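Structure at a glance
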Amino acid sequence: LKDIFIHPTALVETDQIGAGTSIWAYAHIMRGAAIGENCNVGDHCFIERGAVIGNNVTVKNGNMIWEGVTLEDGVFVGPHAFFTNDLYPRSARHPTVNHRAANHDWLVTTRVCEGASLGAGAVIRGGITIGAFAMVGAGAVVTRDVPSHGLVLGNPARLRGWVCRCGLPLSLLPGDAARCKCQLVYKVTDDGVWLIPDQAESFISG
Amino acid sequence: LKDIFIHPTALVETDQIGAGTSIWAYAHIMRGAAIGENCNVGDHCFIERGAVIGNNVTVKNGNMIWEGVTLEDGVFVGPHAFFTNDLYPRSARHPTVNHRAANHDWLVTTRVCEGASLGAGAVIRGGITIGAFAMVGAGAVVTRDVPSHGLVLGNPARLRGWVCRCGLPLSLLPGDAARCKCQLVYKVTDDGVWLIPDQAESFISG
Amino acid sequence: LKDIFIHPTALVETDQIGAGTSIWAYAHIMRGAAIGENCNVGDHCFIERGAVIGNNVTVKNGNMIWEGVTLEDGVFVGPHAFFTNDLYPRSARHPTVNHRAANHDWLVTTRVCEGASLGAGAVIRGGITIGAFAMVGAGAVVTRDVPSHGLVLGNPARLRGWVCRCGLPLSLLPGDAARCKCQLVYKVTDDGVWLIPDQAESFISG
C-alpha cells in the first residue's frame with residue numbers, strides 16, 4: 001500500500017510521508033515535515049520542517065507550507081496561497097533588527113480545519129483558524145478566524161455566505177435551516193451552520 | 001525556423017510547441033498542453049494538459065496555466081498571476097467531499113483575448129473573459145468580464161479607464177473619441193472603446 | 001569568510017554574490033544580478049540581471065526580483081511578493097503592441113530601503129519607494145510611496161500605523177513621541193516618525 005510517488009525532480013528530505021501520497025516536480029519537502037496519506041503536493045511546493053499535513057489533502061502548485069501551519073484532513077489549498085507565521089517579520093540577519101530572532105516568540109500558528117478550501121492566491125495571516133469546510137475565495141486576505149462552512153471574500157476578507165461540505169453555496173430556508181443543491185441540510189445558528197446528522201450517507205460520501 | 005529553446009532544467013512533455021518559443025528554467029509543460037509560436041514561458045511556470053496558448057504570448061515567471069484557460073495571441077501574463085478553473089474547489093481526495101469529482105462539471109473556462117495584459121499577482125476567477133487589449137492591474141481580483149481595452153484595478157476589480165493597444169492609458173477627447181500618446185484614436189461607445197480603422201500602420205506595428 | 005552556499009539544484013550565473021550568502025533549491029540567479037553579503041535567497045526565487053540586493057537581506061521563497069528593483073541592507077521580502085517594473089506591460093512579441101519595446105522607457109524602478117519588510121504576497125507597483133524600516137502587510141497592493149517606519153495594509157494599501165526597527169507596532173505617547181515594546185522611542189512629525197538618537201545600543205543591536 002505504501003505507494004508514494006516522488007517526481008524525479010522533487011527533493012524529499014522527510015521520511016514522514018503517508019501511503020498513496022504524490023509529490024510533484026520541483027517540490028521540496030524538508031526534513032521534519034509531516035505529510036499524511038493519500039495527499040497530492042503539486043509542482044514547485046515547499047513544505048517546511050514543522051509543517052503538519054493530514055490525510056487526503058490537496059496542495060496545489062506553488063504553495064509554501066511553513067512551520068506552524070497545520071492542514072487537517074481533506075483540506076484543499078489552491079495554487080499559490082500564502083501562509084505566514086510571523087506578524088511582524090524582519091530580516092533576522094540585519095544587525096539592528098535581529099533582537100527578536102534569538103527566541104521563538106515570533107512564531108504564530110495557523111490551523112486549517114477538516115475539509116476547508118483556500119482559493120488561489122489567498123493570503124492567510126498568521127494566527128488564524130479556518131473552520132471545517134470553510135471556503136476562502138481566490139485572492140482574499142484573511143485577517144480573522146473563519147467559522148465552519150463560512151465563505152469569505154475580499155481584502156480584508158468578510159463573511160459572505162455559507163458553503164456545503166461539497167463546496168457549493170447553501171440556500172437559506174425559512175426557519176433556521178439551509179440546504180445545498182446536493183440535498184444536504186444544515187441548521188443555522190448565531191454561531192454558524194451545522195450539518196444536521198443522520199442524513200443519507202450516500203449524499204455525503206457518494 | 002523551428003528553433004524552440006528548452007532550458008536544460010525544464011520539463012517539456014508536450015510536442016505541441018510552436019517555432020521560436022522559449023521555455024525557461026524549472027518550467028513544466030504537461031503532455032496535452034498547446035503553446036503557439038514565438039512565445040516566452042518564464043522560469044517556474046506550470047502549463048497543464050488542456051491549456052491553450054496562442055502565438056507571441058509572454059508568460060512571465062511562476063505562472064500556472066490550467067486546463068480550461070485559453071490565452072490568445074499576444075497576451076501578456078505578468079509574474080505569478082492566478083488562474084482558477086473551479087469556483088467551489090474541494091480536495092477531491094477527501095471521502096466526504098468528493099462527490100463532485102466523479103464528473104467534470106466543476107470545470108469553468110477562462111479566456112484572455114488578443115493582446116490583453118494581466119499584471120503581477122492578478123487573480124482571475126474561473127469563467128471570466130478578459131477582452132482584447134484589456135489591462136488588469138497588479139494584484140487585482142477579477143470577478144467579472146473585462147471589456148476590450150478596459151483597465152481594471154482593485155479587489156474586486158473595477159473598471160477605471162481605458163488603455164491603448166500599446167498599453168498606455170487613453171485620454172478622452174470632446175465628443176466620442178479618445179486618443180493615446182502613441183497617436184492612435186479610438187471611438188468611445190456605451191459598450192467600450194474601438195480602434196478607429198485606417199490609421200497609419202506605422203503607429204500600430206512600428 | 002567567502003562561504004557562499006549554493007544548493008545543488010540552484011542555478012547561479014552571476015559572480016556578484018557576497019560572503020556568507022545562501023541560495024536555496026531551484027533558485028535561479030541571472031548573470032548581472034548583484035547580491036550582497038550574508039543574504040538568504042529561498043527556494044524557487046528568480047533574480048534578474050540588473051537587480052541589486054544589499055547585505056543581510058532575507059528573500060523568502062518564490063520571489064522574483066526584476067531589473068530595476070533595489071533591496072537595501074537588511075530588507076525582508078516575504079514569500080511570493082510581487083515586484084513590477086513596467087506600469088503598462090504588453091507582450092513585446094505581439095506585432096501590434098511591440099512599439100514600446102524598442103527602447104527602454106518602460107522600465108520603472110523600485111527601491112526598498114534599509115530594514116523594510118514586505119509581507120507575503122504583497123504587490124509593489126513599479127516606481128515606488130518603500131521607506132526604511134517600513135512594513136507592508138501580507139497581501140497589500142502598494143501604489144504610493146511608503147514613509148519610513150510606516151505600516152501599510154489593504155488594496156490599495158493605506159497607512160495604518162507605525163512600526164519600530166524591530167517590527168513591532170509603535171504606541172503613540174502624549175506629545176510628539178511614540179514608543180515600542182522593545183523600549184526604543186521615536187519622534188512623531190508630520191512627515192513620519194524618527195528614531196531618537198543616543199538610545200542604548202543594546203536595544204538596537206541586542
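Residues numbered from 1 in each chain as written. Chains lettered and ligands numbered in written order. Predicted model: local features only at pLDDT ≥ 70, side-chain atom pairs only at ≥ 80, totals over all residues. Heavy atoms only, no water.

Scanning chain A for helices and strands turns up one helix and 25 strands. In terms of overall dimensions, chain A is globule-like: its C-alpha atoms have a radius of gyration of 18 Å, near the 17 Å expected for 206 residues. In terms of overall dimensions, chain A has C-alpha extents of about 60 × 45 × 25 Å along its principal axes. Residue burial in chain A is summarised as follows: out of 206 residues, 60% are buried. Counting only contacts in chain A whose residues sit at least 6 apart along the sequence, the fraction spanning at least 24 positions is 15%. For chain A, the exposed area adds up to about 8100 Å²; of that, 52% sits on carbon and sulfur atoms. For chain A, the centre of its 16 positive side-chain charges and the centre of its 18 negative side-chain charges are spaced 8 Å apart. (Helix = DSSP H or I, 4+ residues; strand = E, 2+ residues; numbered from the N terminus. Rg over C-alpha atoms; globule rule 2.2 N^0.38 Å. Buried < 20%, exposed > 50% of the residue type's maximum accessible area, 1.4 Å probe, protein only. Contact = heavy atoms within 4.5 Å. Areas by Shrake-Rupley, 256 points an atom, 1.4 Å probe, with all protein chains shown as cover. Lys, Arg positive; Asp, Glu negative; His and termini not counted. Charge placed at Lys NZ, Arg CZ, Asp CG, Glu CD.)

To continue, consider the relation of the copies chain B and chain A. Overlaying chain B with chain A gives an RMSD of 0.0 Å, the required rotation being 120 degrees about an axis along which the chain moves by 0.0 Å. As the rotation angle and translation indicate, the two copies are arranged about a three-fold axis. (Least-squares fit on C-alpha atoms with pLDDT ≥ 70 in both.)

For the pair chain B and chain C, the relating rotation is 120 degrees, the translation along its axis is 0.0 Å, and the fit reaches an RMSD of 0.0 Å. Here only 15% of the contact residues of chain B are again contact residues in chain C; the copies associate through non-equivalent surfaces.

Taken residue by residue, the interface counts 48 residues in chain B and 33 residues in chain C. Taking both sides of the interface into account, the surface hidden between chain B and chain C amounts to around 3100 Å²; carbon and sulfur atoms contribute 59%. Here chain B is connected to chain C by zero salt bridges. Inspection of the region where chain B meets chain C yields 15 residue pairs in polar contact (both at pLDDT 80 or more). Counting residues per element, the side of chain B that touches chain C draws most heavily on helix α1 (residues 201-205) of chain B, at three residues. (Buried area = accessible area lost by both parts, 1.4 Å probe. Salt bridge = Lys/Arg side-chain N within 4 Å of Asp/Glu carboxyl O. Polar contact = N/O pair within 3.5 Å; in protein donor to acceptor, adjacent residues only side chain to side chain.)

Right, let's get into unusual backbone geometry. In this structure, the amide linkage connecting Asn155(A) to the following residue, Pro156(A), adopts the cis form with an omega of -5 degrees. Counting through the fold element by element, Pro156(A) comes out in the loop between β20 (150-153) and β21 (158-162). Even without being glycine, Asn38(A) reaches a positive phi, approximately 60 degrees. Along the chain, Asn38(A) falls in the loop between β5 (34-35) and β6 (40-41). A positive phi angle, close to 60 degrees, is found at His44(B), a residue other than glycine.

Here we come to the side chain of Ser91(A). Relative to the assigned elements, Ser91(A) resides in the loop between β13 (82-83) and β14 (110-112). On the basis of relative accessible area, Ser91(A) is assigned to the buried category, the value being 0%. Side-chain polar atoms of Ser91(A) contact the backbone oxygen of Asn56(C), separated by 2.7 Å. Within the structure, Ser91(A) has its side chain in polar contact with the side chain of Thr58(C) (distance 2.8 Å).

On to the sheet that holds strand β21 (residues 158-162) of chain C. Residues and elements named next belong to chain C. Ordered by their spatial adjacency, nine strands build an open sheet running β1-β3-β6-β9-β12-β15-β18-β20-β21, and the pairing between neighbours is mixed. Bordering the open sheet on either side are β1 (5-6) and β21, each of which pairs with just one other strand. Bridge count between strand β20 (residues 150-153) and β21: four bridges; the pairing is antiparallel. Each bridged residue has a counterpart across the sheet, and for valine 152 the counterpart in β21 is leucine 159. (Pairing = 2+ DSSP bridges.)

Further remarks concern the environment of Ala27(A). Looking at where Ala27(A) falls in the secondary structure, it is placed in the loop between β3 (22-23) and β4 (28-29). Considering only alpha carbons, one finds Ala27(A) and Ala157(A), 130 residues apart in sequence, at a separation of 29 Å.

This brings us to the environment of Cys180(B). Residue and element names in this part refer to chain B. Within the secondary structure, cysteine 180 sits in the loop between β23 (177-179) and β24 (185-189). In sequence terms cysteine 180 and proline 169 are eleven residues apart; their C-alpha atoms lie 6.6 Å from each other. Beyond its immediate chain neighbours, meaning those up to four positions away, cysteine 180 contacts Cys164, Cys166, Leu168 and Leu170.

What follows deals with the pattern of salt bridges. Residue and element names in this part refer to chain B. Per the counting criterion, the structure on display carries nine salt bridges over all chains. Here arginine 49 ties to glutamate 67 by a salt bridge, and the two come within 4.0 Å at their closest N and O atoms. One end of the pair, arginine 49, is in the loop between β7 (46-47) and β8 (52-53); the other, glutamate 67, is in the loop between β10 (64-65) and β11 (69-71), with 18 residues separating them in the sequence. Its relative accessible area of 18% is what places glutamate 67 among the buried residues. One salt bridge connects glutamate 72 with arginine 111, and the closest N-O pair in it is separated by 2.6 Å.

What follows concerns the interface of chain B and chain A. Accessible area lost during the coming together of the parts is what is often quoted as the interface size. Taken residue by residue, the interface counts 33 residues in chain B and 48 residues in chain A. Between chain B and chain A, a total of about 3000 Å² is buried, with carbon and sulfur atoms accounting for 59% of that surface. Across the contact surface, chain B and chain A share zero salt bridges. For the pair chain B and chain A, the number of links is 15 residue pairs in polar contact (both at pLDDT 80 or more). Within the side of chain B that touches chain A, the residues separate by chemical class into 18 nonpolar, twelve polar and three charged. (Nonpolar A, V, L, I, M, F, W, Y, C, P; charged D, E, K, R; others polar.)

A word on the confidence of the model for chain A. Residue and element names in this part refer to chain A. Model confidence for chain A is summarised by a mean pLDDT of 91, while 92% of its residues fall at 70 or above. Within the model, pLDDT remains below 50 along residues 202-206, and this stretch shows 16 contacts once partners closer than five positions in the same chain are excluded. We note a pTM of 0.92 for the whole complex and an ipTM of 0.89 for its interfaces. (pLDDT = per-residue confidence, 0-100.)

Within this structure, the stated rule accounts for twelve aromatic pairs over all chains. When the centroid spacing of 5.7 Å and the interplanar angle of 85 degrees are considered together, the rings of Tyr26(A) and Tyr26(C) count as edge-to-face. Pair noted here: Tyr26(A) is in the loop between β3 and β4 and Tyr26(C) is in the loop between β3 (22-23) and β4 (28-29), and the two residues belong to different chains. Just as Tyr26(A) is buried, Tyr26(C) falls in that class too. Note on Phe82(B) and Phe82(C): the rings are 6.1 Å apart at their centroids and 80 degrees apart in plane angle, and the pair reads as edge-to-face. (Phe/Tyr/Trp six-rings, centres within 6.5 Å; stacked < 30°, edge-to-face > 60°.)

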